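Tertiary structure, described
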Amino acid sequence: MTAQTLLDDPLLDSLNDAQRAAVSAPCDHILVLAGAGSGKTRVLVHRIAWLAAHEGISVDRILAVTFTNKAAAQMRGRIESMLNTPSQRLWVGTFHGIAHRLLRLHWQQAGLPQSFQVIDGDDQLRLVRRILKNMNLDEERWPAKQAMWFINAQKEEGLRPQQIKSEGDLFTETHKRVYQQYEEVCQTGGLVDFAEILLRSYELWETQPDILQHYQQRFIHILVDEFQDTNRIQYRWLKILAGASSKLMIVGDDDQSIYSWRGAKAEHIRRFTQDFPSAQTIRLEQNYRSTSVILDAANAVISNNAQRLGKNLWTQGKKGEPITVYAGFNDRDEAAFIVRQIQQWVNQGGERRETAILYRSNAQSRVLEEALLDANMPYRVYGGLRFFERAEIKDALAYLRLIANYHDDSAFDRIVNTPARGIGDATLNALREYAHTYSVSLWQAAQQVCEPLTLPGQTLPGQTQTQETPANQILPKQILPTRAANALQNFLTLILDITSVTQNMALAEQTQYMLEKSGLLTHYRQDRSEKGLARVENLEELVNATHQFTPEFKDAHAQPLTEFLSHVSLESGELEAAEFSDCVQLMTLHSAKGLEFPVVFLSGMEEGLFPHAMSAQKLQQLEEERRLCYVGMTRAMTKLFLTYAEARRLNGREMWQRPSRFIEEIPEEFITKASIKTKIQRPVYTGSRSTHASHNASHHVSHNTNYKASYPDNNANHNSDHEQLPRGRRVRHPHFGEGVILDAEGSGEHMRVQVRFASGVKWLVVNYAKLTVL
DNA sequence: ATGATGATATTTTTT
DNA sequence: ATATCATCAT
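Nothing here was measured: the structure is a model prediction, and the numbers come from that model.

What to know about the overall build of chain A
When helices and strands are tallied, chain A shows 31 helices and 22 strands. By the burial criterion, 55% of the 774 residues in chain A qualify as buried. In chain A, of all internal contacts separated by at least 6 residues, the share reaching a separation of at least 24 is 74%. Total accessible area computed for chain A in this model is approximately 34800 Å², and 49% of it derives from carbon and sulfur atoms.

Put into structure tokens, the structure is as follows:
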């Protein structure tokens, strides 16, 4: 095939020269430096289609790796529609998703039990905390978070405890021991954390040449998105997989590297060109997203960073409006300004969903939310607690995990006394002590401690015979008082019962039975408060989720339960429901990466907040803050606002900060200062003074915004029709008073709404809560 | 076993 | 200001 015919291909029609070069590049390593909004996903997707169509490469020989499930889903969708075939043979997934799949397929060679479980950060922290206690390490001196951070960092560097050199350093030495203990507990419990997934699968390849060879030969093309976010183990993972002959296409942007604080190394981009010298570098510098003013301003800011690969984004698009900088006299004023601007946008025919308010840290959302509520403007905050992270759901999942694997200490620990069944701290401490001393799982420990209650010679299912039973050395009665031993025995029997009864049940029935038999459902039903009701709803929702769950890939040996549990840990996906409603989008700068909006507000542009005080000292960190600023600015398509407050309430204290240095880094020609700098010190008396909708602008600044006081409570209509509750609607609750709907989920009698009352935010079941629409 | 109290620390977060 | 968490008292 000649170069000429290639260039005529319709696959390339819609692409610019650089994109075309990347998509149709010869079969070799390629580095694509893709600026913000330069169409990198497009290039990746087209490249895959190109390989399939022109290089005769079957899609099952291509591996595409992303960082988030969302990106993976998006890519899969686009590939499928482009190739016009639902291709299950194409491997698209996150690093973790793919590595996990490998471990499931080769669990034996990876040294894992078949029913190994993935634990999330929360479970991991609990586990570490328990180990610290076991080791008698003072939490004051050795915080669990720090220990967990250490372990994860080591794993990300590819290190096992034995490989860590402590050189007499107490900090390293101690944490090394904790790591060691942690590893043992995970191994006996068949538990695998996120970092472990990657490290294990890497070690699998490293130690099993035949397996490695199989995958090396299978995947002759590997494409990686957001390459600047790879950590060391991920890079090594890619390198070993590529081997000598597979071709890598990596796509990344060093200027958008904002996760170095959790191990990502943008240097890998440069490293890549050294490790794969034949790699061709292609720069995507044409931006299709922002106006030239926004782009030039962003370029100006990022040019202050010393360590860059170098790249200059440009656009053929319009110059656009200048960037608006607004100085609020305090944080509320700043928020009110933003709301006014959004109202103006909406009045001019814009949609709320087209606007995004970005901030550096989550705490900043509160003031913004209040202003939005005040203006009755629906909004959505990204990044809250996700469904599968809620306590009651984690409880239920722990039961399921324990059923799947009795030796899962993490699960055992969580639910052995939930709901309360008389197994208190004293009992548990004795049990942990025992388990620790004899290096057995909590389950085994419990069985051994309870042993005399079973007849001699009788073995309970789930009991491992290989461990020597120390029961002859220590009389169990001395370990636990009879009452405690009975309670414990009842628990063991309960779990065994659930296991045997549900053995042949479908996942959903099994879950339902477990919820009832375990007493979890009853436990939460007894809590007649709204919270309790919500929890019951959530548990029912869990059953619903198990109903709908279909295993992604069907292995002959795959257990639906195990599959489901992994799915839950790895893809605790957000509920996308609210995406369809027209809401202002609120999120941190970090979570805005990869998104775009016509109108963007970067709020809290103050020294100390952004760049954050904790990151302003070291140059490296400051540069990361600057990249964050760059990411934020380049989210904007047509309008960009930078706002700050001269005074702000932070951690209970009033703070005065200078405007962010990043504002100064933007050339003045791109900036217009919003002039409405408030003379309204006491706006209660002030009439309209700005050019726009001022009745809204005036009352919000009153020092005590009090929802209760400002609205008359007549006209309360007692329509309980649930369809009457869109976000932003004001409602009254007999106990909590007036509030505003923030969110809703479910429908019919299961419908729940989230309401902000003066006393706080609550989830209410519409059917039970006597809400009146105002 | 539960609730009240006090101490403490509050970037960013996916998997 | 607020949320989380351990400790203590009930």
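Comments concerning the sheet that holds strand β9 (residues 323-328)
Hydrogen bonds along the backbone pair up the strands of a sheet, which may run parallel or antiparallel. Pairing within the open sheet is parallel, and its seven strands lie in the order β11-β12-β10-β13-β14-β9-β17. Two strands close off the open sheet at either side, each with one partner strand: β11 (379-381) and β17 (671-673). Between one strand axis and the next, the sheet turns by 25° as a mean value, whatever way the strands run. Inspection of the sheet shows β9 paired to strand β14 (residues 636-645) by five bridges, in the parallel sense.

Side note on the nonpolar core
One finds Trp205, Ile222, Trp237, Leu248 and Phe272 to be the most contacted residues of the largest nonpolar core, which totals 63 residues. Among the nonpolar cores identified, the runner-up in size contains 54 residues, and Ala398, Ala446, Phe491 and Leu539 belong to it.

Details of the protein's contact with DNA strand C
As a structural note, the neighbourhood of DNA strand C is formed by Arg366, Arg649, Asn651 and Gly652. In the model, a phosphate oxygen of DNA strand C is placed 3.4 Å from a nitrogen or oxygen of the arginine 366 side chain. Of the residues contributing to the surface near DNA strand C, the split by class is no nonpolar, two polar and two charged.

Observations regarding the sheet that holds strand β1 (residues 30-34)
Read across the open sheet, the six strands follow the order β3-β2-β6-β7-β1-β8; overall the sheet is parallel. Looking at strand neighbours, the two that pair on one side only are β3 (91-94) and β8 (280-284), the edges of this open sheet. Sheet twist, expressed as the average angle between the axes of neighbouring strands with direction ignored, equals 15°. Where strand β2 (residues 62-66) meets β3, four bridges bridge the pair, whose relative direction is parallel. If you follow leucine 63 over to β3, its bridge partner there is tryptophan 91. Along the sheet face, helix α13 (residues 267-275) touches β1, β7 (247-252) and β8 and points at about 155° away from the line of β1.

Some remarks on the side chain of arginine 289
For arginine 289, the position within the fold is in the loop between β8 and α14 (292-302). A polar atom in the side chain of arginine 289 sits 2.8 Å from the side chain of glutamate 596. The residues contacting arginine 289, other than those within four sequence positions of it, are Ala36, Gly37, Leu595, Glu596, Thr634, Arg635, Ala636 and Met637.

Some remarks on the packing of aromatic side chains
Under the definition given, this model contains 22 aromatic pairs. Summarising the aromatic geometry, the rings of tryptophan 91 and tyrosine 215 are spaced 6.4 Å apart at their centres and angled 50° between planes, so their arrangement reads as tilted. Here the residue tryptophan 91 occupies a position in strand β3, and tyrosine 215 occupies one in helix α11 (residues 209-218), the gap between them amounting to 124 residues. Where tryptophan 142 meets phenylalanine 171, the ring centres are 6.4 Å apart and the plane angle is 40°; that geometry is what we call tilted.

Quick word on the pattern of salt bridges
Any two side chains of opposite charge can pair if their charged atoms end up close together. Counting across every chain of the model gives 43 salt bridges. The shortest N-O distance in the salt bridge between aspartate 275 and arginine 271 comes to 3.3 Å. Separated by four residues within a single helix, aspartate 275 and arginine 271 lie in helix α13, roughly one turn from each other. Residue class for arginine 271 comes out partly exposed when judged on its relative accessible area of 36%. We note a salt bridge from arginine 661 to glutamate 607, for which the minimum N-O separation is 2.7 Å. Of the two residues, arginine 661 sits in helix α29 (residues 661-664) while glutamate 607 sits in the loop between β13 (597-602) and α28 (619-633), which places them 54 residues apart along the sequence. Under the relative-accessibility criterion, arginine 661 is labelled partly exposed at 27%. One salt-bridge network, in which partners are shared between bridges, spans Asp120, Asp122, Asp123, Arg126, Lys394, Asp395, Arg401, Asp408 and Arg414.

A word on the packing of helix α20 (residues 442-450) against helix α22 (residues 482-502)
Look at α20 against α22: their axes get within 10 Å of each other, and the N-to-C directions meet at 125°. As summarised for this structure, α20 and α22 are arranged oblique, according to the angle between their axes. Of the two possible hands of crossing, α20 and α22 adopt the one that is left-handed. Contact with α20, carried on its side by Trp443, Ala446, Gln447 and Cys450, involves Ala485, Leu488, Gln489, Leu492, Ile495 and Leu496 of α22 and no other residues of that element. By residue class, the composition of the contact of α20 with α22 is eight nonpolar, two polar and no charged.

Rules used in this analysis
Residues numbered from 1 in each chain as written. Chains lettered and ligands numbered in written order. Predicted model: local features only at pLDDT ≥ 70, side-chain atom pairs only at ≥ 80, totals over all residues. Heavy atoms only, no water. Helix = DSSP H or I, 4+ residues; strand = E, 2+ residues; numbered from the N terminus. Buried < 20%, exposed > 50% of the residue type's maximum accessible area, 1.4 Å probe, protein only. Contact = heavy atoms within 4.5 Å. Areas by Shrake-Rupley, 256 points an atom, 1.4 Å probe, with all protein chains shown as cover. Pairing = 2+ DSSP bridges. Axes fitted to C-alpha atoms, helices over the stretch in contact; angles between N-to-C directions. Core = buried A, V, L, I, M, F, W, Y, C linked by side-chain atoms within 4.5 Å. Near = heavy atom within 4 Å. Polar contact = N/O pair within 3.5 Å; in protein donor to acceptor, adjacent residues only side chain to side chain. Nonpolar A, V, L, I, M, F, W, Y, C, P; charged D, E, K, R; others polar. Phe/Tyr/Trp six-rings, centres within 6.5 Å; stacked < 30°, edge-to-face > 60°. Salt bridge = Lys/Arg side-chain N within 4 Å of Asp/Glu carboxyl O. Parallel < 35°, antiparallel > 145°, perpendicular 65-115°, else oblique. Left-handed = near helix turned anticlockwise from the far one by under 90°.

In short, geometric facts, not functional conclusions.
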